[in-house]
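Spelled out from the first residue to the last, the chains are:
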Amino acid sequence: MEETTLLICDFSEGVTTADKLAKKRNQWSTFFGIYDLTRKPASILLYRTPSDIEKHEENVVKSGEVAGFIHMEALIEVRKFPLVANPSPFVLDATKATLNIIDKGLYTFSSELPTACKVLYDTMVKCELDLEFEMGVSEVRLSDAVRYSINTEGGLLNKTLKNKNYLRITMGPGRGESPGIPYVLEFWPPGARSPIHNHGAVCGMIKILYGTIQNGCFNKVPSTVTDSKKNFRPQELMKFDAYKDDVLWLSPEWWQTHQLRNVSNDFCATVNCYRYDENDEIQWNLFDFVNDQNGEVGNFFPNTDFTFGEMRKAVFEEWNNRMK
């Protein structure tokens, strides 16, 4: 995002006339000219934040802290193309593009996604929570059975949610191409929220299968996210609501650190998919999250509460036995 990846240096700062601008261009041509016989190696000095400058400290892991992906990645990366605008976090299938939609710039089209995101998108875009019911294969909507299990005291999902905010239902095996199993169905009861977290700088896709979810976007986080008084102070850059059938994307550079929240009165279901970028040389197998209590960053290995088959069988049995 602009706040996290756009580095601006105005080489024409203070210029008031065309002559002065010409002199500036000549002065800095060694950096931007295609060919300069006199060009010499140059150093670019970078600083992270004003507080880091004051402390004269490097971005290293201190005693009592844990390493996150931010400690492994390069301090700066140079891209081929300039950053002139934020891409939309919402994805629209390229086959649905129209002149008007392209002009408004409200979506990132599926054809524009990073390669790893395209693989995930093609796999999950047709997934639906109640597909079996809509096809006439099942007499019960899976969404009804899930809601019943979440809301009913003693239900499988209700009991599991006593000790956590949301549920991770994994689908299929892990293949070593992502942190944990790549395809995950997540259930978010009303009021549930995730911690602020990244995804190990992988590519990812999220489709809302049922209900609505709020997405809060954050900057990359170091080992601690606190102010001078040691208070928990992550800064939210933006937030938006996503609804049924909306598709979101993330990559190492875009929308990587977020917090998901269910601010509605009904449960929400999302399918979340992850895959290492083709240029990922680290393949960090953990998600890094921010502890709400002390602002410290911890590591989370993406685990599972149930497999999809286990969950599906159990909630349908609970639904069929509800009147007994």
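Up top you'll find the structure we're talking about.
Residues numbered from 1 in each chain as written. Predicted model: local features only at pLDDT ≥ 70, side-chain atom pairs only at ≥ 80, totals over all residues. Heavy atoms only, no water.

Visitor: Tell me what's going on with helix α5 (residues 115-124), and back it up with residues and numbers.
Guide: Along α5, the residues that are buried comprise Ala116, Cys117, Leu120, Tyr121 and Met124. Taken end-on, α5 shows its buried residues confined to a sector of 135 degrees, consistent with a single buried face. (Buried < 20%, exposed > 50% of the residue type's maximum accessible area, 1.4 Å probe, protein only. Helix = DSSP H or I, 4+ residues; strand = E, 2+ residues; numbered from the N terminus. Arc of directions from axis to C-beta.)

Visitor: Kindly report on unusual backbone geometry, identifying the contributing residues and their values.
Guide: At Ala201, a residue that is not glycine, the phi angle is positive and equals roughly 60 degrees. Mapping Ala201 onto the fold places it in the loop between β4 (183-188) and β5 (203-210). At Asp245, a position not held by glycine, the phi torsion is positive, near 80 degrees. In this fold, Asp245 is placed in the loop between β7 (236-243) and β8 (247-250).

Visitor: How would you sum up the environment of Ile181? Please name residues and give values.
Guide: Considering the arrangement of structural elements, one finds Ile181 in the loop between β3 (167-171) and β4. Residue classification places Ile181 among the partly exposed residues on the basis of a relative accessible area of 22%. Between the alpha carbons of Ile181 and Ile169 there is a distance of 9.9 Å; along the sequence they are twelve residues apart. Setting aside residues no more than four positions away along its own chain, Ile181 makes contact with Thr170, Met171, Gly172, Pro173 and Gly174. (Contact = heavy atoms within 4.5 Å.)

Visitor: Can you lay out helix α9 (residues 308-320) for me, pointing to particular residues and giving the numbers?
Guide: Over its 13 residues, α9 runs 18 Å from end to end, which matches the ideal 18 Å to within 8%, given 1.5 Å per residue. Inspection of α9 places Met311, Ala314, Val315, Phe316 and Trp319 among the buried residues, and these make up the whole buried set. The elements touched by buried residues of α9 are α6 (131-134), α7 (142-151), α8 (156-160), β3, β4 and β13 (306-307). (Expected span 1.5 Å × (residues − 1).)

Visitor: Describe the packing of aromatic side chains, and please don't skip the residues or the numbers.
Guide: Under the definition given, this model contains eight aromatic pairs. Aromatic side chains Phe287 and Phe300 sit 6.4 Å apart centroid to centroid with 50 degrees between the ring planes, which places their arrangement in the tilted category. Of this pair, Phe287 sits in strand β11 (residues 287-290) while Phe300 sits in strand β12 (residues 297-300), placing them 13 residues apart in sequence. On the accessibility criterion, Phe300 (26% relative accessible area) is partly exposed. (Phe/Tyr/Trp six-rings, centres within 6.5 Å; stacked < 30°, edge-to-face > 60°.)

Visitor: Please set out the sheet that holds strand β6 (residues 212-218) residue by residue, giving values where relevant.
Guide: On the basis of which strands lie adjacent, the open sheet formed by three strands has the order β7-β6-β9 and antiparallel pairing. Every other strand in the sheet has two partners, leaving β7 and β9 (258-261) as the edge strands with one partner each. Along the sheet, successive strands turn relative to each other by an average axial angle of 20 degrees, direction set aside. (Pairing = 2+ DSSP bridges. Axes fitted to C-alpha atoms, helices over the stretch in contact; angles between N-to-C directions.)

Visitor: Which residues make up empty space enclosed by the protein, and what values go with them?
Guide: Remark: the empty space left among the atoms is shown by a probe the size of a water molecule rolled over them. A complete count under the given rule lists three cavities of 30 Å³ or more for this structure. One number sums up the size of the second largest cavity: a volume of about 70 Å³. What lines the second largest cavity is Pro89, Ile206, Asn215, Cys217, Phe240, Leu248, Trp249, Leu250, Trp255 and His258. For the lining of the second largest cavity, the secondary structure elements donating two or more residues are β6 and β8. When residues of the lining of the second largest cavity are assigned to their parent elements, the largest contribution, three residues, is made by β8. For the lining of the second largest cavity, the residue count by class is eight nonpolar, two polar and no charged. (1 Å grid on protein atoms, 1.4 Å probe; cavity = no way out; pocket = protein on both sides within 12 Å on 5 of 7 lines; lining within 4 Å. Points joined across faces, edges and corners; volume = space filled by probe spheres on them. Nonpolar A, V, L, I, M, F, W, Y, C, P; charged D, E, K, R; others polar.)

Visitor: Break down the nonpolar core for me, with residues and values.
Guide: If you look at the biggest cluster of nonpolar residues, it comprises 52 residues, and the most contacted ones within it are Leu129, Leu157, Phe187, Met205 and Met311. Every residue in contact with Phe187, bar those within four places of it in the chain, is listed here: Leu129, Val146, Ile150, Leu157, Tyr166, Leu167, Ile169, Phe267, Cys268, Ala269 and Met311. Ranked by size, the runner-up nonpolar core spans five residues in total, among them Ile196, Phe218, Val290 and Val297. (Core = buried A, V, L, I, M, F, W, Y, C linked by side-chain atoms within 4.5 Å.)

Visitor: How would you explain a nonpolar patch on the surface if you had to name every residue and give the values?
Guide: Residues Leu131, Met135 and Val137 make up a contiguous nonpolar surface patch of about 310 Å² in total accessible area. By secondary structure assignment, the location of Leu131 is in helix α6. Look at Leu131 and you get partly exposed, because its relative accessible area is 39%. (Patch = residues over 30% accessible without salt bridge, like charges linked within 9 Å, V, L, I, M, F, W, Y side chains within 5 Å. Areas by Shrake-Rupley, 256 points an atom, 1.4 Å probe, with all protein chains shown as cover. Salt bridge = Lys/Arg side-chain N within 4 Å of Asp/Glu carboxyl O.)

Visitor: An account of the pairing of β9 is needed here, citing residue identities and associated values.
Guide: In β9, alternate side chains face the same way, and those of His258 and Leu260 on one face and Gln259 and Arg261 on the other are all buried. In terms of strand pairing, β6 meets β9 through four bridges, oriented antiparallel. Note that in β9 the partner of Asn215 across the bridge is Leu260.

Purely spatial values, then, with no claim about function.
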